[in-house]
Amino acid sequence: MKRIIFSMIIFSMITNSYSQQNMNKSLGNLISFSRDEQTINIVTDFGKAGISVFSPNILRIRVVLKEFNEDFSYSVIAKPEKCVAKVNEFEEYIEICTDSLILKITKNPVRFQFLTLERELINEDDPAFGTSWIGTEVTTYKKLQPKEKFIGLGEKTGNLDRRGSAYTNWNTDNPRHGAYDDPLYASIPFYIGIHNKFNYGIFLDNSYKTHFNFGASNNRFSYFSAEDGEMDYYFIYHNNIADILKSYSFLTGFMQMPPIWSLGYQQCRWSYYPDSEVLNVAKTFREKKIPADVIYLDIHYMDAYKIFTWHPERFPTPEKMLNELKEMGFHTTVIVDPGIKIENNYDAYNEGIEKDLFIKYPDNTIYTAQVWPGWCHFPDFTNPTTRKWWGNKFRDYVDLGIDGFWNDMNEIASWGGTTPYLVEFDWEGKNATYLQAKNVYGLEMARSTFEGTKKLLNGKRPLILTRAGFAGLQRFTAIWTGDNTASNEHMMLGVRLVNSLGLSGIPFCGYDVGGFMGDPSAQLFTRWLTIGAFSPFFRGHTHYNSKDAEPWAFGEETEEIARNYIQFRYNLMPYIYSVFYEAHKSGLPVARSLAIDNTFDEKVFWYKYQNQYLFGPSFLIIPVESDKEITKVYLPINNWYDISTGNLQAGNSEIYVDCPQNELPVFIKESSIIPVQSPVQNLGEKPSDTLQVFIFNGKTDNSFVYYEDDGCTYEFEKGDFYKRKISFSPEEKQITFGQKEGFFDSKFKFLKIILIKFENSKKRMLVNNSFVNCKIENSYPGNQIYKQTRNIAVKYFIIENIENKIQIKF
């Protein structure tokens, strides 16, 4: 008996020892819960949880060890919608039911399961670990589902499907990154999970350093963690990814309508100087008839790299230069860095000291680091007073006619690359360290720049561009993917980064065409530019020590190809601007991963096809390395027209296509509706008074929302826009232009309807019960790129662009 008792004591000691050594502590067993309208509060024997119903499709989950912090977010701007949420308690669990999903909360221990209304599993906590803590780090473990895929997470390298990979969100100046390096410049802690027939989104609203593991080095769970702060995440469920993106944009804000000129070609280098070189570059674009709208001034325009100054010798008369650029149809964008040089006779420095605007150490001394101007202080953009001051500092730029502002070095970047964690920020009066503020610094800098310049521009839209950012940045700015390298690997990586940003609620994004570092070959630059012509943000940029990289710098052949593709983009501007309007209203990206519309098609995730994407709803873009002349393409469901040949290809098929330097493989979806304008050299130039509308024959119904406004002000928010829905019904043999919406008068007086592959259509069309004769011409869109007449005859007819409904029978 004594031996048995002794053994039990030893076993108890071992068990207690193991328990004490187990550093991972999970959310415990339920003690009590209470309900307050659409919020459920749970108390357990280890930690607390709060569940808020934000909408029928969005549930917010908050988990803390002790007490909840004050509810505050730089990312989420939405308030919960009023909706029905039923709460039912059972012996072993609690259920919250909306009209779209069910949250099942087990009691012992508290764990979360998300179910459809048919009680099919969407997502669930790992039953053992759920939400757990190791020290201050809080982690939520999710049970991996069979064949589960993960997409999105913003500016992340790697494959479209992130299964088996892990990532860190910690904005980092990483200029020589590889195709799988992490982290980069921006952090968007939002991803979409896909399995069986379900897809869901999870947004972790925590700005500390966070980690996402999608089954890397284990086959049990995925997880997301924050090194400090609350576990605060939003679960989004819809039947399709487009609606998930819309709900995410509802939470964090929809993108601003950009000025239309920011959708044209933009030319940059580090740096164009002096002023005569800037003007010479602009004149060369016009002389060579290569369309362009924006030219950039990098850091050499400043006096000793001091923001808000001009170099007295390189740019002695900036107003004169800017006026000449304006006369040539160019908008000017200037770089702005956050570092304020420590110099007593420098206004920005003196004002920052006087108004107490800089970030500090805990002992109240101002933090100092070295960047381009030398030793600098850094504005605290989490302080409303600083944001207002910073915005007002752009007055001199705006008065000179500048309307583009490029926010750089805002990770924060400095020589040495390591800002001390103890540096403190105002955080809207609540105080925070660099650990919490780093990831939102770029977001709040862009916000400060946007809010200030928008006010100063008196109703005109600015172009704001940023390198660093956080969830919600789309409300204020476009983003580019930072310092890339002139290589095929980085060209293809840039495509995936833009597609991933699009899957993360950021439609207006792009990369440096040609590569920032290194000297691209003519072949590489040519290929990159042809791909970039179908990117939301389209800018060529290169390094200080690189060779010239303008479109004409690589020989006549490259120049001609660049001219053709850039011009084609300008011709497509009615289509592109309408797609941006759709992004502004719905959160749907401009560059669309095929996973959005073909979520459960395995082939779109294959390595060899993962770079393909849709540019808007109609153009299937096939990015190809510069050293390839033939490539294999996957055409998803629907039929597709080869833009080069006009041939119709069956969908759900793999084919080989030629891809010589002058022909990027591009396909157009059947039944597409594509509005096109006449050629212009800049987007301030008025096209002809006839809008061409290409209708591609097909077997499926389709519609396209055509949109116009003045392209430069916010008057559209007051109803001063022109919008109409264009529909195509092959079964009814009918094309319909819906009734015009809005007060804006279209710039187009006539509509030229161009019918592609309507071989059996009549020679006369019935338009609003009156016959109109058709004519035949070779106006296939591919001819606009390749500048050669393809033997493709199309039918067209011209009608007046009346505001009432137009019904066309063919």
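Just above, that's the structure.
A short tour of the structure in this document, coming up. (Residues numbered from 1 in each chain as written. Predicted model: local features only at pLDDT ≥ 70, side-chain atom pairs only at ≥ 80, totals over all residues. Heavy atoms only, no water.)

1. A closer look at the packing of helix α10 (residues 522-532) against helix α11 (residues 556-571)
Contact geometry for α10 and α11: axes closest at 9 Å, N-to-C directions at 5°. Here α11 runs roughly parallel to α10, going by the angle between their axes. Only T558, I561, A562, Y565, I566 and R569 of α11 make contact with α10, whose side of the interface consists of A522, F525, T526, L529, T530 and G532. Residues of the contact of α10 with α11, tallied by class, amount to seven nonpolar, four polar and one charged. (Axes fitted to C-alpha atoms, helices over the stretch in contact; angles between N-to-C directions. Helix = DSSP H or I, 4+ residues; strand = E, 2+ residues; numbered from the N terminus. Parallel < 35°, antiparallel > 145°, perpendicular 65-115°, else oblique. Contact = heavy atoms within 4.5 Å. Nonpolar A, V, L, I, M, F, W, Y, C, P; charged D, E, K, R; others polar.)

2. Remarks on the sheet that holds strand β49 (residues 764-767)
Taken in spatial order, the six strands make up an open sheet running β45-β46-β47-β53-β49-β50, and their pairing is antiparallel. A strand with exactly one partner marks an edge of an open sheet, and here the two such strands are β45 (702-708) and β50 (770-773). Strand after strand, the sheet turns through a mean of 20° between neighbouring axes, direction not considered. Alignment of strand β47 (residues 734-737) against strand β53 (residues 806-809), held across four bridges, turns out to be antiparallel. The residue of β53 that forms the bridge with F737 is I806. Strands in contact with helix α12 (residues 573-586) are β45 and β46 (722-729); relative to β45, the strand with the most contacts, it is inclined by about 95°. (Pairing = 2+ DSSP bridges.)

3. As for helix α5 (residues 347-355)
Working note: α-helix, 3.6 residues per turn, so residues spaced by three or four point in the same direction. Buried within α5 are the following residues: A348, Y349 and G352. The arc that holds the buried residues of α5, viewed along the axis, is 100°, so those residues lie on one side. For α5, the elements touching its buried residues are β24 (340-341), β26 (374-377) and α6 (384-392). In the stretch just after α5, D356 is the one whose phi turns positive, near 60°. (Buried < 20%, exposed > 50% of the residue type's maximum accessible area, 1.4 Å probe, protein only. Arc of directions from axis to C-beta.)

4. A word on the pattern of salt bridges
If charged atoms from side chains of opposite charge come close, those side chains can pair. Applying the stated criterion to the full structure yields 41 salt bridges. The partner of D126 in a salt bridge is R220, with the nearest N and O atoms 2.9 Å apart. Placement of the pair is D126 in the loop between β10 (121-124) and β11 (131-134) and R220 in the loop between β18 (210-213) and β19 (221-226), with a sequence separation of 94 residues. Classification of R220 by relative accessible area gives partly exposed; the value is 41%. For R563, the salt bridge goes to E559, with nearest N and O atoms at 2.7 Å. (Salt bridge = Lys/Arg side-chain N within 4 Å of Asp/Glu carboxyl O.)

5. Considering the nonpolar core
Core analysis: the biggest nonpolar cluster contains 217 residues, and Y397, F534 and F619 have the highest contact counts within it. Discounting chain neighbours no more than four positions away, the residues touching F619 are F568, L572, Y575, Y613, L614, I643, V666, F667, I668 and I674. By size, the runner-up hydrophobic cluster in this structure holds 40 residues, among which are V53, A226, Y233 and F235. (Core = buried A, V, L, I, M, F, W, Y, C linked by side-chain atoms within 4.5 Å.)

6. Focus: the layout of surface pockets
Taken as a whole, the largest pocket spans an internal volume of roughly 870 Å³. Lining the largest pocket are 40 residues; nearest its centre among them are W261, H331, D403, G684 and C712. Among the elements of the structure, α4 (318-327), β23 (331-336), α7 (395-399), α12 and β45 are those that each provide at least two residues to the lining of the largest pocket. Among the residues forming the lining of the largest pocket, the class breakdown is 18 nonpolar, ten polar and twelve charged. Taken as a whole, the second largest pocket encloses approximately 440 Å³ of empty space. (1 Å grid on protein atoms, 1.4 Å probe; cavity = no way out; pocket = protein on both sides within 12 Å on 5 of 7 lines; lining within 4 Å. Points joined across faces, edges and corners; volume = space filled by probe spheres on them.)

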